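# Chains, contacts and geometry: an overview
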Amino acid sequence: MVFPAIACNLDPDLIQTALPLFETEKVAALEWSFDAVFSSEPLPNWFHELIQVYSKGERLIGHGVFFSLFSGKWLPEQSEWLQNLKRYCQIYQFDHITEHFGFMTGADFHKGAPLSIPYNQSTLAIGRDRLLRISQACNCPVGLENLAFSYSLDEVKRHGAFLNELLEPVNGFIILDLHNVFCQLHNFDLDAKDLRALYPLERVREIHISGGSWEFTRIQPEKPVRRDTHDDSVPKAVFDLLKDVLPCCPNLKYVVMEQLGTALHTQAQRDAYRADFYTMERILTQAQPKIPAKNNFVPPVLPPLGNPIEDLALFEQQRILSNILENALDYQGALNQSLLANSDWDIEHWNPAMLETAVAIARKWKNGW
Amino acid sequence: MKIQKTLLKAILAGVSLAATQTACEKAPVEKISNTKCVKPDTLVVPTHENPPALPNCPACGMG
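Summary of the structure given here. (Residues numbered from 1 in each chain as written. Chains lettered and ligands numbered in written order. Predicted model: local features only at pLDDT ≥ 70, side-chain atom pairs only at ≥ 80, totals over all residues. Heavy atoms only, no water.)

### Points about the packing of aromatic side chains
Describing an aromatic ring pair means giving the distance of the ring centres and the angle of the ring planes. Residue and element names in this part refer to chain A. One pass over the full model with this rule turns up 23 aromatic pairs over all chains. Ring geometry for W32 against F47: centres 5.8 Å apart, planes inclined by 70°, an arrangement best described as edge-to-face. Here W32, found in strand β2 (residues 29-32), pairs with F47, found in helix α2 (residues 45-56); they are 15 residues apart in sequence, far enough to count as distant. Overall, W32 belongs to the buried group, its relative accessible area being 0%. We classify F47 as buried; its relative accessible area is 0%. Aromatic pair F34 and W81: ring centres 5.6 Å apart, planes at 55°, arrangement tilted. Within this pair, whereas F34 is found in the loop between β2 and β3 (43-44), its partner W81 is found in helix α3 (residues 76-91), the two being separated by 47 residues in sequence. For F34, a relative accessible area of 0% puts it in the buried group. We classify W81 as buried; its relative accessible area is 4%. The structure contains a cluster of three or more aromatic residues connected by ring pairs, namely W32, F34, W46, F47, F67, W74, W81, Y88, Y92 and F94. Above the ring of W214, the side-chain terminus of R226 is found at 4.6 Å from the ring centroid. (Phe/Tyr/Trp six-rings, centres within 6.5 Å; stacked < 30°, edge-to-face > 60°. Helix = DSSP H or I, 4+ residues; strand = E, 2+ residues; numbered from the N terminus. Buried < 20%, exposed > 50% of the residue type's maximum accessible area, 1.4 Å probe, protein only. Lys NZ or Arg CZ within 6 Å of the ring centre and 35° of its normal.)

### Some thoughts on the pairing of strand β10 (residues 204-210) of chain A
Residues and elements named next belong to chain A. Among the 7 residues that make up β10, 7 are buried, leaving the element largely enclosed by the rest of the structure. Here strand β9 (residues 173-177) pairs with β10 via 4 bridges, running parallel. When the bridges of β10 are listed, I174 appears paired with V204. Pairing of β10 with strand β13 (residues 254-258), which is carried by 5 bridges, proceeds in the parallel orientation. Directly across from E206, in β13, lies its bridge partner Y254. (Pairing = 2+ DSSP bridges.)

### Regarding the sheet that holds β10(A)
Within the closed barrel, the 8 strands sit side by side as β1-β2-β4-β5-β8-β9-β10-β13 (chain A). Their pairing is parallel. Taken pair by pair, the neighbouring strands of this sheet meet at an average axis angle of 25°, ignoring direction. (Axes fitted to C-alpha atoms, helices over the stretch in contact; angles between N-to-C directions.)

### Points about unusual backbone geometry
Most peptide bonds are trans, and most residues other than glycine sit at a negative phi. Residue and element names in this part refer to chain A. Positive phi is not limited to glycine here, since N171 has a value of about 50°. Examined against the element boundaries, N171 turns out to sit in the loop between α5 (153-167) and β9. Even without glycine at this site, D189 takes up a positive phi of about 50°. Relative to the elements of secondary structure, D189 occurs in the loop between α6 (178-187) and α7 (192-196). The class of D189 is exposed, set by a relative accessible area of 62%.

### As for the nonpolar core
All names here are of chain A. In terms of nonpolar packing, the biggest core is built from 119 residues, with F22, W32 and I207 touching the most fellow members. Element by element, the count of residues in this core is highest for helix α12 (residues 352-365), at 8 residues. When neighbours within four sequence positions are excluded, I207 is seen to be in contact with L176, L178, L242, V245, L246, C249, L252, Y254, V255 and V256. A5, A7, A29 and Y254 belong to the second-largest nonpolar core, a separate cluster that totals 8 residues. (Core = buried A, V, L, I, M, F, W, Y, C linked by side-chain atoms within 4.5 Å. Contact = heavy atoms within 4.5 Å.)

### Describing the pairing of strand β4 (residues 60-63) of chain A
All names here are of chain A. The side-chain alternation of β4 yields two buried faces, one formed by L60 and G62 and the other by I61 and H63. Pairing geometry for β2 and β4, over 3 bridges, is parallel. Its bridge partner being in β4, W32 is matched across the sheet by G62. Direction of pairing for β4 relative to strand β5 (residues 96-100): parallel, over a ladder of 3 bridges. Across the sheet, G62 pairs through a bridge with I97, a residue of β5. A crossover links β4 with its parallel partner β5, the connecting element being α3, and its sense is right-handed. (Right-handed = clockwise from strand over helix to strand, strands pointing away.)

And the structure:
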């Protein structure tokens, strides 16, 4: 059974928009970014009760945003994040917990936006170690979402295989964000079938759909960059991707629609959100799997973990990159002169329009939210 | 998933109230009007009858 779900946070516009869906019992599962409220506790009664309904119904899934999986250095904020996760898992029963691929820019690496990292043995070891720690904290299946943003075509092509390697020791799963896929198809002129073949779709337990926006860059004004901003309705192309990929994901359990409340102010926007949900529900009804899932992604029993794996050289590179993206006037020149030159970051092959977009993303979120 | 009508009404009241507050308001701790026992003998989650102003959460729409 594949459950239609929405991403639901403490966001009055979003919840008001989704209320008719709740009233008519359409929302079969709820995805909650639990770490977005770590700093705004206590929760309103009614929100806690809403979360509890899905928790008790075993249809609550947790989606972390701020862990920063690939920070080269293990930071106090990561220990605190795990402690908070452990605490929340004693209050709410999550069917699984997920996080984002990448590391966060921003001064303390827990604000900002998730951006990519080099795919090498060091980042693989760090990512595996951190996923095991998340798994130990939550004691339920753990997954990672594919990243929307990439610097290069080579990175796009290697992303699925790297996710597979990362998730293997924890028997983890992939959230296949189809809008992120849509971004990459557009930004790197890829064919959907070619990209799909590069993902281990048997590892997909959750799919995201959402909308986004176009970013016009100075360096490539004729072709806007697609960004995963969650501030518009779901494009038809993303629904088409959903229809195409559903039969290829034998272990799929949830399809989640995401949109930010900042884009749900007008009646037209709210109507469009609900129409998108009904479209998603209709597609799922027509494509329910006939064979039960083979992998429930229950993690293995883990031995006690030692000290967190770190790579201080990677951490220094991340600090330099964050600083350049957030502050440098001549960011291309600064990169070329930096420690990242001629390294696994492969900055020599970064797409200039994507670099300009990374600058825009990092500057948008540098002070958190 | 079935949600009780009383809870749906509470949600409506909660989001309506939150919509009248500005995002930078912070509810002081003294406003906590009750504590709710979630799992007896294990944890107590403090909750609000009236919610604080709700942050506009970017969740993962950060790109």
